[in-house]
Amino acid sequence: MDKHQQQQLSLAKCSRQKYSEWIFRDVPSDITIEVSGGTFALHKFPLVSRSGRIRKLVAEHRDADISRVELLNLPGGAEAFELAAKFCYGINFEITSSNVAQLCCVSEYLEMTEDFSKDNLGSRAEEYLESIVYKNLEMCVEVLQQCENLIPLADELRIVSRCIDAIASKACAEQIASSFSRLEYSSSGRLHMNKQAKREGDWWIEDLSVLRIDLYQRVMTAMKCRGVRPESIGASLVNYAQKELTKKSSLWNPSSQTKVDLISTGHERLVVETIVNLLPVEKLAVPITFLFGLLRSAVMLDCTIACRLDLERRIGSQLDVATLDDLLIPSFRHAGDTLFDVDTVQRILVNFSQQDDSEDDMEDASVFESDSPHSPSQTALFKVAKLVDNYLAEIAPDANLKLSKFMVIAETLPTHARTVHDGLYRAIDIYLKAHQGLSDSDRKKLCKLIDFQKLSQEAGAHAAQNERLPLQAIVQVLYFEQIRLRNTLCCSYADDDHKPMHNSWRISSGALSAAMSPRDNYASLRRENRELKLELARLRMRLNDLEKEHVCMKRDMQKSHSRKFMSSFSKKIGKLSIFGHSSSRGSSSPSKNSHRTDSRVIERTCASTD
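What counts and how
- Residues numbered from 1 in each chain as written.
- Predicted model: local features only at pLDDT ≥ 70, side-chain atom pairs only at ≥ 80, totals over all residues.
- Heavy atoms only, no water.
- Buried < 20%, exposed > 50% of the residue type's maximum accessible area, 1.4 Å probe, protein only.
- Helix = DSSP H or I, 4+ residues; strand = E, 2+ residues; numbered from the N terminus.
- Pairing = 2+ DSSP bridges.
- Core = buried A, V, L, I, M, F, W, Y, C linked by side-chain atoms within 4.5 Å.
- Domains from an automatic or database assignment.
- Contact = heavy atoms within 4.5 Å.
- Axes fitted to C-alpha atoms, helices over the stretch in contact; angles between N-to-C directions.

Asks: Which parts of the structure should I look at to understand the pairing of strand β1 (residues 31-35)?
Replies: Each regular strand shows side chains that alternate between the opposite faces of the sheet. With respect to burial, β1 is a largely interior element, four of its five residues being buried. Joining the antiparallel neighbours β1 and strand β2 (residues 38-42) is a turn of two residues, in which S36 adopts a positive phi near 50 degrees. As paired elements, β1 and strand β3 (residues 68-70) share three bridges and run parallel to each other. Looking at the pairing, I33 lines up with V69 of β3.

See the structure below:
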């Protein structure tokens, strides 16, 4: 303690000597100003001529002849007051981006405005802000750094808000200029954006990483409102998070299982929650690996439930681009539980499945009328199914992994997500090998997840000899293998000319198959329904033409009763028949009964088509 006091005394002496270097020594001081531990022996006249606050203090104590004044909570402390005092004495100093915020705040505190003196400190500092700082992004960032210790006065003077608006405007203008520089003409003469050219409009990302989290949040919000690209916002968030979050090895390494001390993690928790709130709504604006890193941090730092659920929802919406290392989230908080956080992964899969279902339920016909074999969501579903099977195989050896948790992960995706069950069979086999104490009922329950008909020939051969499987499952494998062998033999000896055509029509008509989702079947049915409607319209047009011809010929019959006309009428009827063939018998004049019969047949045909 004694040494510490001695250091403070020596520092105070040095500061007093420093402050007295520029004071007039030939005139004795008549007022002492104390500011944040610093003492200034000054003169009343130059201070009173510029500062309204000191003028009022001196006027209030004129009779007592005040000689000592303490300025409490002066913004910027002794350093800022020294600059203000120099200005009062007429000593020149340079206004820069590193001190202009302090000068604005201290001039407001000391009331150094135009009301007390022309070209006072307040107007000089304000002019510097307007003419120089607000036109330069780096200077605005530097001023914002100075404002971190000057809030709330800097906010009241609108220094912070004007700097933020200037930064957002400059960043947006830089991006627009960068976009124009990337425009070029193609070989066909069309103007397009060169995606391979380096983006030069995001150089500000590194500059903003020095800001405090609350000011950084306000800058990012302003940039979003100005229309800065989501990819640039995401890149800035990634850069800021990697600089601010401590223990990066445990936060960002997917394979790390290091426990962290939860003491003094308030700043990191605030950073994670703020960055999650700032994430762009657009997909793929930030890498999914970064989202998983944030999720690990949120779990470790015990962030709010809303923060973690938001991350899980974002990850679920683009899970098809994730990797196995991303999904392997260590179980940080439960030492005696599973090695990996299975519950979080299960919630992510639920988010993915619900998102897929919501897309399937859309009423927009364009979603279903795609001519591609698989819609994008179906492709994503296949990728996620393969990812889940690999994840199950990775967590299956964990001795603490309960059967219910393993099964809930396997059952989260819909049945049509897996066209081949080899991956699921492999994961279940690993689980059975690691948990040999399972009862027969549990093994049967687990093996019901496998559709043995969807196993490949190699996987089926392995399953047929797998002693870990229940006897009932082995019987099913042998049965399907026998059917597969029989079909192979039939296909190899069958004659191609005698294949029934209706089978191929049924396959292409949208009948449910293992490789098609309900969404794809619905699209196929819609196409067939559209074709049937077109055929029905053609039949109705041909029927109308028939009726018109019949009316005309009936009118001609009444005028002419010759046999020659009757034979020509018979020939016309043969050509206009909607069934496409005419009778080979001798033609005679059609009676009214035969015409009614043909009409009934036509009406019955159209009704069945409807």
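Asks: Just checking my understanding: could you explain the nonpolar core for this structure?
Replies: Inside soluble globular proteins, nonpolar side chains tend to come together where they are buried. Formed by 143 residues in total, the largest nonpolar core has its most connected members in I33, F81, L208, M220, M223 and L319. In terms of residues, this core owes the most to one element, helix α20 (residues 376-395), which gives ten residues. No fewer than three residues from each of domain 1 (31-135) and domain 2 (335-356 + 376-491) sit in this core. In this view, I33 contacts G38, T39, F40, L42, L47, V69, L71 and F81; residues no more than four positions away in its chain are not counted.

Asks: Help me out: how do you make sense of the sheet that holds β3 in this one?
Replies: A sheet is described by the order of its strands in space; here three strands give the open sequence β2-β1-β3, paired in mixed fashion. On the outer flanks of this sheet lie β2 and β3, each paired with one strand and no other. Looking at each pair of strands side by side, their axes are set apart by 20 degrees on average, direction ignored. One ladder, built from five bridges, connects β1 with β2; its direction is antiparallel. Bridge pairing in β2 links I31 to L42. Across the face of the sheet, helix α4 (residues 77-89) comes into contact with β1 and β2 while running at roughly 10 degrees to β2.

Shape is all these values report; function is a separate question.
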